[in-house]
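# Report on the structure
The primary structure of each chain is shown beneath.
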Amino acid sequence: MLRFDDLQLFVRAADLGSLSAAARVMDLSPAVASAALKRIEHHLGARLLARSTRSLRLTAEGEGFLEYARAALGNLDEGRRLLASGQDQVSGVLQLSAPSDFGRNLLLPWLDEFQREHPKLSVRLLLGDRIADLFRQPVDIALRYGEPEDSSLVALPVAPDNRRVLCAAPGYLARHGEPRQLEQLAQHNCLLYMLDSRAHDLWSFHDGKREVSLSVSGDRLSDDADVVRRWALAGAGIVYKSWLDVAADVLEGRLQVLLPELTCERASLNLLCTHRAHLSKPVKLLRDLLQRRCAEISARRPV
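Below is a summary of the structure that appears in this document. (Residues numbered from 1 in each chain as written. Predicted model: local features only at pLDDT ≥ 70, side-chain atom pairs only at ≥ 80, totals over all residues. Heavy atoms only, no water.)

## Observations concerning the state of the cysteines
A complete count under the given rule lists zero disulfides for this structure. Not engaged in a disulfide, the cysteine C264 finds its nearest cysteine sulfur in C167; these two sulfurs lie 9.2 Å apart. The buried category is assigned to C264, whose relative accessible area is 5%. The structure places no disulfide on C294, whose sulfur is separated from the nearest cysteine sulfur, that of C273, by 17 Å. (Disulfide = S-S within 2.5 Å. Buried < 20%, exposed > 50% of the residue type's maximum accessible area, 1.4 Å probe, protein only.)

Structure, rendered in structure tokens:
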């Protein structure tokens, strides 16, 4: 098979009228250049250049082959430019999974923004709070809170410092009072959702000296965290959710943060995939957008 660099050398030598000049332009030694020319002539079974100590000229066979060599090199350059152009564009299908609450209330408008910037991109979105089986489900990436239990997954941080917050609607607090100590949560209706196929009823906090965990209970449990958020907004009880999920509600007064002096448990948001080969340009650009938007929300968290 003809080598690309051998063709380049032949065309350069024909253009410059000198094999040594072509070698200098291509940063090759005279011996390497001579070997390359011999290699291409051996492959074609024809002499392309007639050489003497002072001159170089194309043979009849060389003149005939030169046109095709130029066309081949031009086609290769065009193919490389086309490939580079395709890599610069964001197109194709992006398949991802996201938590229900985060997906509906934050990710959807961000994806709208992302697709306006990249109109050739199609999106397939699966929403749900169960851990997506990336080896079986038709998704490339998944957004999930917490570190993955499967160590074979690649996890890239999106909002590594995100935490849960304890909050309730002002209407609920007006009827039932505001807890002033963690132990008083036992007297309140705590709204629960499924986390890793289990009810998330063990809530953890840090009081500045030690970590405190306590079991809570309530009359409502859902496998959809967005449903639990809606129950909280309706004044049904106290909820312990990611700041990203309730930030807008807190900032607009629909929910009130409780026991703000406590440090709540971490709920880092990560982008998961089965292999780094799935980190295509659309995925990397989407991750950058998510990091910026999540950082903006995190910066507005009340101290």
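Moving on from the model shown.
## So, helix α3 (residues 30–44)
Taking 1.5 Å as the rise per residue, α3 with 15 residues should run 21 Å; its terminal C-alpha atoms sit 21 Å apart, in good agreement. Those residues of α3 lying buried are A33, A36, L37, I40 and E41. Take α3 and look down its axis: the buried residues cluster within an arc of 130°, on one side only. Facing away from the buried side of α3, by more than 90 degrees, are the exposed residues A31, K38 and H42. A positive phi of about 70° marks G45, the residue just after α3. (Helix = DSSP H or I, 4+ residues; strand = E, 2+ residues; numbered from the N terminus. Expected span 1.5 Å × (residues − 1). Arc of directions from axis to C-beta.)

## Side note on the packing of helix α5 (residues 100–117) against helix α7 (residues 225–233)
Two numbers describe how α5 lies on α7: the axes approach to 6 Å, and their chain directions differ by 70°. In terms of their interaxial angle, α5 and α7 are classed as roughly perpendicular. Side by side, α5 and α7 meet where S100, D101, R104 and N105 of the first sit next to A225, D226 and R229 of the second. In terms of residue class, the contact of α5 with α7 is built from one nonpolar, two polar and four charged. (Axes fitted to C-alpha atoms, helices over the stretch in contact; angles between N-to-C directions. Parallel < 35°, antiparallel > 145°, perpendicular 65-115°, else oblique. Contact = heavy atoms within 4.5 Å. Nonpolar A, V, L, I, M, F, W, Y, C, P; charged D, E, K, R; others polar.)

## Some remarks on the environment of W110
Mapped onto the elements of the fold, W110 is located in helix α5. On the basis of relative accessibility, which here comes to 9%, the residue W110 falls in the buried class. Considered as a pair, W110 and S197 are 87 residues apart in the sequence and their alpha carbons are 28 Å apart. The residues contacting W110, other than those within four sequence positions of it, are F102, L289, L290, R293, C294 and I297.

## Section: the pattern of salt bridges
Scanning the model with the defined rule gives 20 salt bridges in all. Taking the shortest distance from any N to any O, the salt bridge between D226 and R230 comes out at 3.1 Å. Residue D226 and its partner R230 are located together in helix α7, separated by four residues, close to a single helical turn. We classify D226 as buried; its relative accessible area is 2%. Salt-bridge contacts for D249 lead to R229; the nearest nitrogen and oxygen are separated by 2.8 Å. In this pair, D249 sits in helix α8 (residues 243–251) while R229 sits in helix α7, placing the two residues 20 residues apart along the sequence. Of the two residues, D249 and R229, neither departs from the other in class, the shared state being buried. (Salt bridge = Lys/Arg side-chain N within 4 Å of Asp/Glu carboxyl O.)

## A closer look at the packing of α5 against helix α9 (residues 281–298)
One way to put it is that α5 packs onto α9 with a least axis distance of 11 Å and a crossing angle of 125°. The orientation of α5 with respect to α9, classified from their angle, is oblique. Seen along the crossing, α5 lies across α9 with a hand that is right-handed. Here F102, L106, L107, W110, L111, E113 and F114 of α5 lie close against α9, whose contacting residues are P282, L285, L286, L289, L290, R293, C294 and I297. Tallied by class, residues from the contact of α5 with α9 come to 13 nonpolar, no polar and two charged. (Left-handed = near helix turned anticlockwise from the far one by under 90°.)

## Regarding the pairing of strand β3 (residues 92–98)
With respect to burial, β3 is a largely interior element, five of its seven residues being buried. Sheet topology note: the β3/strand β4 (residues 121–127) ladder contains seven bridges and is parallel. What sits directly across from A98, in β4, is L127. Of the crossover connections in this fold, the one passing from β3 over α5 to the parallel β4 is right-handed. Note that β3 and strand β5 (residues 141–145) share two bridges and pair parallel. When the sheet's bridge partners are listed, S97 is paired in β5 with A142. (Pairing = 2+ DSSP bridges. Right-handed = clockwise from strand over helix to strand, strands pointing away.)

## Some points on the packing of aromatic side chains
Taken as a whole and judged by the stated rule, the model has five aromatic pairs. Relative to F65, the ring of F10 has its centre 5.7 Å away and its plane inclined at 40°; by these criteria the two rings are tilted. In this pair, F10 sits in helix α1 (residues 4–16) while F65 sits in helix α4 (residues 60–88), placing the two residues 55 residues apart along the sequence. A network of ring pairs unites the aromatic residues F102, W110 and Y145 as a single cluster. (Phe/Tyr/Trp six-rings, centres within 6.5 Å; stacked < 30°, edge-to-face > 60°.)

## A word on the nonpolar core
By size, the foremost hydrophobic cluster in this structure holds 45 residues, and its most contacted members are F102, L143, L244, L269 and L286. In this structure, L286 is in contact with L94, L96, L111, F114 and I141, ignoring residues within four places of it in sequence. (Core = buried A, V, L, I, M, F, W, Y, C linked by side-chain atoms within 4.5 Å.)

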